[in-house]
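Results of the structural survey
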Amino acid sequence: MKPAITAVNTPESTTQIAAARARVAALDLSQLNPADPQGFVDDTVGYVFERLRHEDPVHRSHSPVPGIDSYWSITRYQDIMQVDTRPDIYSSESGITLMDFPPGDDQQLKMFIAMDPPKHDEQRRAVNPIVAPANLKNWHDLIRERTCRVLDTLPRNETFDWVDKVSIELTTYMLATLFDFPLDDRRLLTYWSDISTANKLTNPDAPEPEVRMAELRKMLSYFTRLWNERVNVAPRSDLVSMLAHGPATRNMGPLEYMGNLVLLIVGGNDTTRNSMTGGLLALDNNPQEMAKLRANPTLIESMVSEIIRWQTPLAYMRRTALADTELGGKQIGKDDKLAMWYLSGNRDESAIAEPDRFIIDRAKPRQHLSFGFGIHRCVGNRLAELQLKILWEEILRRFEVIEVMGEPIRVRSSFVRGFSKLPVRIRC
Amino acid sequence: MTLMRAATDNRVPGIDGDCGGNCACATCHVYVDAAWSDRAGVRTASEREMLNMVPELKDNSRLACQVTLDDNLNGMVVALPESQH
């Protein structure tokens, strides 16, 4: 089945889209549960959002999964903006994903994205310099050199997995650099990233919680060694050194260190990885946009923003109401949890013109929700854009045709909207 | 009319205004020239919060979407942080 959120016009896909839309239309509103990962595996969640935006944009949703239970789905751009910019009402302290764990459960990781001011601001400031202009400038050449090397060694005229050979390889290299992590061990970062977002309750193939925590403890012990090597020498410009020396982070307990590592690993890895794959797929599905790009490579910059909107690699962020409040005409109760569905807001026609079309030269391409807004806005957004920009510059320089050879395999998660496989072939 | 809107309407590079003027992205960070800082006003509460997150905060940092233009500011000089070049 062709990806449903993608604009495609073959007769076959038109029938499938109509069928998927009809299935969603037949459901009672109360049955709509966008957090069901099945809608992400088969990429039909877009029809659920389409209906919610029109009929019930602030929607009381119910999940059968214990720990998720009931939550509000916020589906329109402006409502999401309102929630994201009021951390005084909509707190991050109870976590940024819908799953709740029993109090005291180690699985509820402490990390600065899941904190409110002032502690959030203090810890975030410790790692902020990682994206300072001087660092970005240093990495520019490094990213280009690696991108060239990875692209030059790809197989020609045979099918291979773009996710593994390009998206994972490039983002994992970058992440290893940010941590000054031993390059030969860099795939451990990919592994830990996948492990930390795995959830047995929503994905039967995920490891048991005890196994997951045991692996994360191995991650912690590896990174504790790096911390100890760096804490007693002069501060350097890598994330571990910044955490070890930062006034707000140097006294973190082991679990808080673990949580912040998970945050930085997932934030720097899963997101750009899936935009690297999603962009290739979007261009394959929209040959007229590919033709536009080839004719005018200066469109790369606006295309990168459009890819990030189109993919929305993190589909939502969760908030928890600190007090009774009102949103979009609905009464939100204290302690209610809300999902700001960035994926839905990025398809909201009241904020974005022709949102269901992938348009690489659209007006105001940067006005999308994928990085979040407000104090929790993505730290690494400029770096992500830089990596994607260089990737596409070097692709255009080398390859005439990259064909998608089969359907992508999508990750079973309503949080990380991504791909585990995309078979492609470079024809030359 | 805010300073951010004036810049984006006239395609001034370096002022992105990703959030459309909601004081929520800090992509319109500017340094207000000392001669103009009084007239440009003081930071709002949400502006202070967002400026907390920028890599190159200075005493004269403002978010251009929170600076409303009027005749008093005719001729104002602002500079951009390096991260927005």
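Structure: see above.
Residues numbered from 1 in each chain as written. Chains lettered and ligands numbered in written order. Predicted model: local features only at pLDDT ≥ 70, side-chain atom pairs only at ≥ 80, totals over all residues. Heavy atoms only, no water.

**Looking at the overall build of chain A**
Helix and strand counts for chain A stand at 15 helices and 12 strands. In terms of overall dimensions, chain A is globule-like: its C-alpha atoms have a radius of gyration of 21 Å, near the 22 Å expected for 428 residues. Dimensions of chain A along its principal axes, counting C-alpha atoms only, are 65 × 55 × 40 Å. Put simply, chain A has 428 residues, and 60% of those count as buried. Relative to all contacts within chain A whose residues are 6 or more apart in sequence, the contacts with residues 24 or more apart total 71%. Here chain A displays about 17,000 Å² of accessible surface, and carbon together with sulfur accounts for 53% of that area. (Helix = DSSP H or I, 4+ residues; strand = E, 2+ residues; numbered from the N terminus. Rg over C-alpha atoms; globule rule 2.2 N^0.38 Å. Buried < 20%, exposed > 50% of the residue type's maximum accessible area, 1.4 Å probe, protein only. Contact = heavy atoms within 4.5 Å. Areas by Shrake-Rupley, 256 points an atom, 1.4 Å probe, with all protein chains shown as cover.)

**Overview of the pattern of salt bridges**
Oppositely charged side chains can pair when the atoms bearing their charge come close. Residues and elements named next belong to chain A. Tallying each qualifying case throughout the model produces 44 salt bridges over all chains. In this structure, D194 and R273 form a salt bridge, with 3.3 Å as the shortest nitrogen-oxygen distance. Taken as a pair, D194 in helix α8 (residues 187–197) and R273 in helix α11 (residues 254–285) lie far apart in primary sequence, 79 residues in all. Assessed through its relative accessible area of 5%, R273 is described here as buried. Here E403 makes a salt bridge to R427, at a shortest N to O gap of 3.2 Å. Taken together, the residues span a long stretch of sequence, with E403 in strand β9 (residues 401–404) and R427 in strand β12 (residues 423–427) at a distance of 24 residues. With relative accessibility at 18%, the residue E403 sits in the buried group. If you follow the salt bridges from partner to partner, you end up with R144, D152, K389, E393, E394, R397 and R398 in one network. (Salt bridge = Lys/Arg side-chain N within 4 Å of Asp/Glu carboxyl O.)

**Describing the interface of chain B and chain A**
Taken together, the contacts link 19 residues of chain B with 21 residues of chain A. Approximately 1,600 Å² of surface area, both sides summed, lies buried where chain B meets chain A, with 50% of it carried by carbon and sulfur atoms. The interface formed by chain B and chain A contains five salt bridges. Between B:D18 and A:R366 there is a salt bridge; the shortest N-O distance is 2.7 Å. Class assignment of the residues belonging to the side of chain B that touches chain A gives a composition of seven nonpolar, six polar and six charged. (Buried area = accessible area lost by both parts, 1.4 Å probe. Nonpolar A, V, L, I, M, F, W, Y, C, P; charged D, E, K, R; others polar.)

**Overview of the sheet that holds strand β4 (residues 159–161) of chain A**
Residue and element names in this part refer to chain A. Read from one edge to the other, the open sheet built from three strands follows the order β4-β12-β9, with strand pairing classed as antiparallel. Among the strands making up the open sheet, the edge pair consists of β4 and β9. Between one strand axis and the next, the sheet turns by 35° as a mean value, whatever way the strands run. Pairing between β9 and β12: four bridges, direction antiparallel. Residue E403 lies in a different strand from β12, and its bridge partner there is R425. (Pairing = 2+ DSSP bridges. Axes fitted to C-alpha atoms, helices over the stretch in contact; angles between N-to-C directions.)

**Overview of the packing of aromatic side chains**
Residue and element names in this part refer to chain A. All chains considered together, the criterion is met by 14 aromatic pairs over all chains. For the pair Y316 and F415, a centre-to-centre distance of 5.3 Å together with 70° between the ring planes defines the contact as edge-to-face. With a gap of 99 residues between them, Y316 in strand β5 (residues 316–321) and F415 in the loop between β10 (409–410) and β11 (419–421) connect regions that are remote in the sequence. Each member of the aromatic cluster is reached from another via a ring pair, and the members are F40, F49, Y316, W341 and F415. (Phe/Tyr/Trp six-rings, centres within 6.5 Å; stacked < 30°, edge-to-face > 60°.)

**Let's talk about the nonpolar core**
Residues and elements named next belong to chain A. Core analysis: the largest hydrophobic core is formed by 85 residues, its most contacted members being F179 and F223. Leave out the neighbours within four places in its chain, and F179 touches L189, F223, R230, D238, L239, V240, L261, L264 and I265. Membership of the second largest hydrophobic core comes to 38 residues, among which are V150, L151, L396 and I402. (Core = buried A, V, L, I, M, F, W, Y, C linked by side-chain atoms within 4.5 Å.)

**Some thoughts on the pairing of strand β1 (residues 29–32) of chain B**
All names here are of chain B. The two faces of β1 match: H29 and Y31 on one face and V30 and V32 on the other face are all buried. Pairing analysis gives two bridges linking β1 to strand β3 (residues 78–79), with the strands arranged antiparallel. Directly across from V32, in β3, lies its bridge partner V78.

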